[in-house]
Amino acid sequence: MTVREIRKNPFTREWIIFSEIRQERPDREKAHCPLCTGSEEVPTFTRPLRISNKYPSLLKENGLKHHKLGNFFEKINGYGYCELVVYTDEHNAKFSEMSSETLMKIFETWMNATKQLSSDQSIKYILPFENYGEDVGATLLHPHGQIYAFPFLPNRIRQEVNSILEYKEEKKQCMVCDYIVSEKEKDERIVYQDESIVALIPYFASHAYDIHIYPSRHISFLHQCTRSEMISIINILQSSIKALNAIFEKEVSYSLSLHQGPVNEEGTTAFHLYFKIHTPQRSTISKKLLGAVETGSATYINGTLPETAAAKMRAQIM
Ligand SMILES: [Zn+2]
Ligand SMILES: [Zn+2]
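Here goes a summary of the coordinates provided. (Residues numbered from 1 in each chain as written. Chains lettered and ligands numbered in written order. Predicted model: local features only at pLDDT ≥ 70, side-chain atom pairs only at ≥ 80, totals over all residues.)

### Let's talk about the overall build of the chain
Quick note on the threshold: We count a stretch as a helix when DSSP gives it H or I for four or more residues in a row; a strand needs E for two or more, and each element gets its number in order from the N terminus. Radius of gyration here uses only the C-alpha atoms, and the compact-globule reference equals 2.2 Å multiplied by the residue count raised to the power 0.38. The exposure scheme places C-beta atoms from the backbone and then counts, for each residue, the other C-beta atoms within 10 Å of its own, assigning buried at 20 or more, exposed at 12 or fewer, and partly exposed in between.
Of regular secondary structure, the chain possesses 6 helices and 13 strands. The C-alpha radius of gyration computed for the chain amounts to 20 Å, which stays within 12% of the reference 20 Å derived for 318 residues, consistent with globular compactness. Here the C-alpha coordinates of the chain stretch approximately 55 × 50 × 40 Å along the principal axes. When burial is assessed residue by residue, the chain has 33% of its 318 residues classed as buried.

Here you go:
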């Protein structure tokens, strides 16, 4: 039997997803790619395609049920959505090399999914993302991303939303809009900027090359971006991945995620959209592994200043 449930840590107030089915995932696709056209999951292909994850951590079943027993045992059933987005019918294509028309269609798929999944009132946060490469646990080679729809606000997002709401209450401004202006004034961590977007490695980056991409306008959801803003975002997403490959002299593993506002929850329009690219790679030969300081205290030790990393990125992108 598959157990899927979401338990709350009462000490940190984080939600943890338990999904025993994940253990059954195959390590690698075997002879036949399950995402190539003609397969059981993808019989035909005309444009980026959303399909259900075969091994979902969250599943829309029988509605959301909340249980609380005493002070310590709180859980909800593993309600939610886990989808794959098959980007293309070309097995060997890469996100960083696809045409901007293809990427625009992937953006449209993310926008449609956000709209559709947020109509489920139990859903609070929708996360489109891509894991690429073994170091971030990607098990299928075929170009694809995923979408998770959570029935709770993930802890990191909850913290960001709370800070943004407090700042807004106090200063009547968007904290991220103000942060972007301050970073532009400093001009030490900017990787790229044009009239509509800015890419930077934040002052507080927890890993050497955590790249954040923000629209300069206050935008909470991808569908609010203009076409030219999306084209700028697409260009910098692709050139950032290529820059990382050049800096580390190999094809790096990365995760790419789209952070939009919470849905059916406070903070929807206060949130300022950003994309994040993260690589565990920290030098040509080593990766950042999490040790006791990180796992025991959730405090990151970053061996590269964002100013240094941003300068290396700029040298590749200019
Ligand atoms: Zn394939
Ligand atoms: Zn803003």
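### Focus: the nonpolar core
Stated formally: We define a nonpolar core as a collection of buried residues of the types Ala, Val, Leu, Ile, Met, Phe, Trp, Tyr and Cys that are connected via C-beta atoms lying within 7 Å of each other. Two residues form a contact once the distance between their C-beta atoms, set from the backbone, is within 7 Å.
In terms of nonpolar packing, the biggest core is built from 70 residues, with Ala199 and Ile213 touching the most fellow members. Looking at this core, the element that brings in the most residues is helix H4 (residues 227-248), giving 9 residues. Excluding residues within four positions of it along the chain, Ile213 makes contact with Ile197, Ala199, Ile233, Ile236, Leu237, Tyr274 and Phe275.

### A word on the packing of H4 against helix H6 (residues 306-317)
Our working definition: Lines fitted to C-alpha atoms define the axes, with helix axes restricted to the stretch in contact, and inter-axis angles between N-to-C directions lie between 0 and 180 degrees. Our angle categories are set so that under 35 degrees counts as roughly parallel, over 145 as roughly antiparallel, 65 to 115 as roughly perpendicular, and the remainder as oblique.
Orientation of H4 relative to H6, taken along the N-to-C sense of each, is 105°, at an axis distance of 9 Å. In terms of axis orientation, H4 runs roughly perpendicular to H6. Only Lys312, Met313, Gln316 and Ile317 of H6 make contact with H4, whose side of the interface consists of Ser239, Ser240, Ala243, Ala246 and Ile247.

### Points about the pairing of strand E8 (residues 144-150)
Side-chain direction in a regular strand flips from residue to residue, so the side chains alternate between the two faces of the sheet. Rule in force here: In this scheme, strands are said to pair when DSSP sees at least two bridges between them.
Where burial is concerned, most of E8 is hidden: 6 out of the 7 residues are buried. Where strand E6 (residues 81-86) lies against E8, 6 bridges are found, and the strand directions are antiparallel. Paired with Leu84 across the bridge in E8 is Gln146.

### Quick notes on the sheet that holds E8
Within a sheet, each strand pairs with its neighbour through backbone hydrogen bonds, oriented either parallel or antiparallel. Spatially, the 9 strands line up as an open sheet ordered E3-E6-E8-E7-E12-E13-E11-E10-E9, and their pairing is antiparallel. Only two strands of the sheet have a single neighbouring strand rather than two, namely strand E3 (49-52) and strand E9 (190-193). Sheet twist, expressed as the mean angle between neighbouring strand axes with direction ignored, is 20°. In terms of strand pairing, strand E11 (residues 211-215) meets strand E13 (residues 274-278) through 3 bridges, oriented antiparallel. Looking across to E13, one finds that Ile213 is bridged to Phe275.

### What to know about the sheet that holds strand E5 (residues 73-77)
The strand order across the open sheet built from 4 strands is E2-E1-E5-E4, with neighbouring strands paired in antiparallel fashion. Because the sheet does not close on itself, it has two edges, and the strands there are strand E2 (15-19) and strand E4 (66-69). Pairs of neighbouring strands in the sheet enclose a mean axial angle of 25°, with direction left out of account. Where strand E1 (residues 4-8) and E5 come together, 3 bridges link them in antiparallel fashion. The residue bridging Arg7 from the neighbouring strand is Lys75, located in E5.

### Quick word on helix H1 (residues 100-118)
A turn of α-helix holds 3.6 residues, and therefore any two residues three or four places apart point the same way. Stated precisely, the cut-off is as follows: Expected span of a helix: the number of residues minus one, times 1.5 Å. The arc in question is traced by the directions running from the helix axis to the C-beta atoms.
Between its first and last C-alpha atoms H1 spans 27 Å; for 19 residues at 1.5 Å apiece the expected length is 27 Å, and the two agree. Residues Leu103, Ile106, Phe107, Thr109, Trp110, Thr114, Leu117 and Ser118 constitute the buried set of H1. Projected down its long axis, H1 carries its buried residues within an arc of 155°, all on one side. On its buried side, H1 packs onto E3, E6, strand E7 (125-132), E8, H4 and strand E12 (254-259).

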